Amino acid sequence: MAVRQAKAALHRRLMSTFLNRQHRRYNGGKAEWWAERTFCFGRGFGEGQAILSYEIVTPFQMNQYLLGCTKTGRACLIDTGDANASLETAKRFGFSIKFLLQTHAHLENVMGLPDIRRTFLHDVPMYIHRADSPLYESLQNQHGGKTGIMRVDKLSPPENYLEDQQCITVGDVELKILHTPGHTPGHVSFYCEAHGFLIGGDLLFNGNIGRTDLHYCNKSAMNQSLRRVMNLPDETKVFPAHMMPTTIGKERRSNPFLARALENEDRCNELQLQRDRSVRGIECTV
Ligand SMILES: [Zn+2]
């Protein structure tokens, strides 16, 4: 056990040095800034490794993720606010972006799509959950779009739809789709079991949870979705669409909004159980 931990610590140190050197080579003194936003999962480059890197884009300060496999060079973008921002990182690792995944269809998550299609990734397919189609098709009515502050071109229809429990592979990296509605009806999270991370969109944040005050939000679905991801191991890293990454364990221990949502979810389950029992009781007496 101790040997394994020492090996892991050494690997982390080596990777950090590698990333810093790589970054200095390209970008002078911003090494720390960049290394902080790039995470490596897996054993080593020869054996294939997942690289997850994010850029903070759009006036909404959204985290746009680039996930790539070092063995195959295949990569995808998760939430496309400003695709150009991730191109340098893709180039640095020799990644070729093969598809685009959307956690949900809010303006900031999809507003980079027209640009990416027009300028460089013309034929790259985009995946989204079907339940977010109404939001996707009426982008101009969303906050920002409605006020005219954000100009968003009309989006082309998605090439594919995501489904709960579906598996998607990025080279050798496997992601499981978890349908986690509440913030929007078709909100999904991407879970990588092998490397222990969750790309959670606007479901769970560092110290907060996603908003549920818009007319299409569903608080009780949100509570159920949060309960679902809280069944993941404590050490699972969570990469949200806003703010810094966190872990399931940290949020379980310290996030007051999450605690309240889980309490409400438990209360609903208890009430449902009581209702079921009373219905069964009535059936027995008939
Ligand atoms: Zn959102």
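Note that the coordinates shown come from a computational prediction; the quantities given were computed from them, not determined experimentally.

### So, the overall build of the protein
Along the protein, the regular secondary structure elements total nine helices and 15 strands. Counting all 286 residues of the protein, 38% fall into the buried class.

### Thoughts on the nonpolar core
Leu 67 and Cys 76 are the most contacted members of the largest nonpolar core, which has 56 residues in total. For Cys 76, the residues in contact, after removing those within four places along its chain, are Leu 67, Ile 97, Lys 98, Phe 99, Leu 100, Leu 101 and Val 170.

### Overview of the sheet that holds strand S15 (residues 246-247)
Taken together, six strands build an open sheet; the order of strands is S8-S9-S10-S11-S14-S15 and the sheet is mixed. In this open sheet, the two edge strands, each paired with only one partner strand, are strand S8 (167-170) and S15. Looking at chain direction, S8 and strand S9 (residues 173-179) are connected through four bridges and run antiparallel. The residue bridging Val 170 from the neighbouring strand is Val 173, located in S9.

### Brief notes about the pairing of strand S6 (residues 126-129)
Along any regular strand the residues' side chains alternate between the sheet's two faces. Where burial is concerned, the two faces of S6 agree: the one with Met 126 and Ile 128 and the one with Tyr 127 and His 129 are both buried. Where strand S5 (residues 96-101) meets S6, two bridges bridge the pair, whose relative direction is parallel. The residue of S6 that forms the bridge with Leu 101 is Tyr 127.

### Structural notes on the pairing of strand S10 (residues 188-192)
The buried fraction of S10 amounts to five of the five residues, a majority that puts the element mostly inside the structure. By the alternation rule, side chains of S10 split into Val 188, Phe 190 and Cys 192 and Ser 189 and Tyr 191, which are all buried.

### Quick notes on unusual backbone geometry
One non-glycine residue with positive phi stands out, namely Asp 79, at about 70 degrees. The exposure class of Asp 79 is buried, given the 26 C-beta atoms found within 10 Å. Of note, the phi angle at Met 243 is positive, near 70 degrees, even though the residue is not glycine. Within the secondary structure layout, Met 243 lies in the loop between strand S14 (237-240) and S15. Taking the number of C-beta atoms within 10 Å as the measure of exposure, Met 243 has 13 and is therefore partly exposed.

### Comments concerning the environment of Asp 164
Relative to the elements of secondary structure, Asp 164 occurs in the loop between strand S7 (160-162) and S8. Asp 164 sits 13 residues away from Ile 177 along the chain, and the two C-alpha atoms are 5.3 Å apart.

### Regarding the confidence of the model for the protein
Chain-level statistics for the protein give a pLDDT mean of 85 and a share of 81% at 70 or above. The weakest mean pLDDT in the protein belongs to helix H1 (residues 2-27) at 53; the strongest belongs to S10 at 98. Counting interchain partners and residues more than four positions distant, the pLDDT-below-50 stretch residues 22-28 has eight contacts.

### Description of helix H7 (residues 219-230)
For H7, with 12 residues, the first-to-last C-alpha span of 16 Å sits near the 16 Å given by 1.5 Å per residue. Those residues of H7 that fall on the buried side of the exposure criterion are Met 222, Asn 223, Ser 225, Leu 226 and Val 229. Projected onto a plane normal to the axis of H7, the buried residues spread over an arc of 165 degrees and lie on a single side.

Procedures and definitions
Residues numbered from 1 in each chain as written. Predicted model: local features only at pLDDT ≥ 70, side-chain atom pairs only at ≥ 80, totals over all residues. Helix = DSSP H or I, 4+ residues; strand = E, 2+ residues; numbered from the N terminus. Buried ≥ 20, exposed ≤ 12 C-beta atoms within 10 Å, placed from the backbone. Core = buried A, V, L, I, M, F, W, Y, C linked by C-beta atoms within 7 Å. Contact = placed C-beta atoms within 7 Å. Pairing = 2+ DSSP bridges. pLDDT = per-residue confidence, 0-100. Expected span 1.5 Å × (residues − 1). Arc of directions from axis to C-beta.

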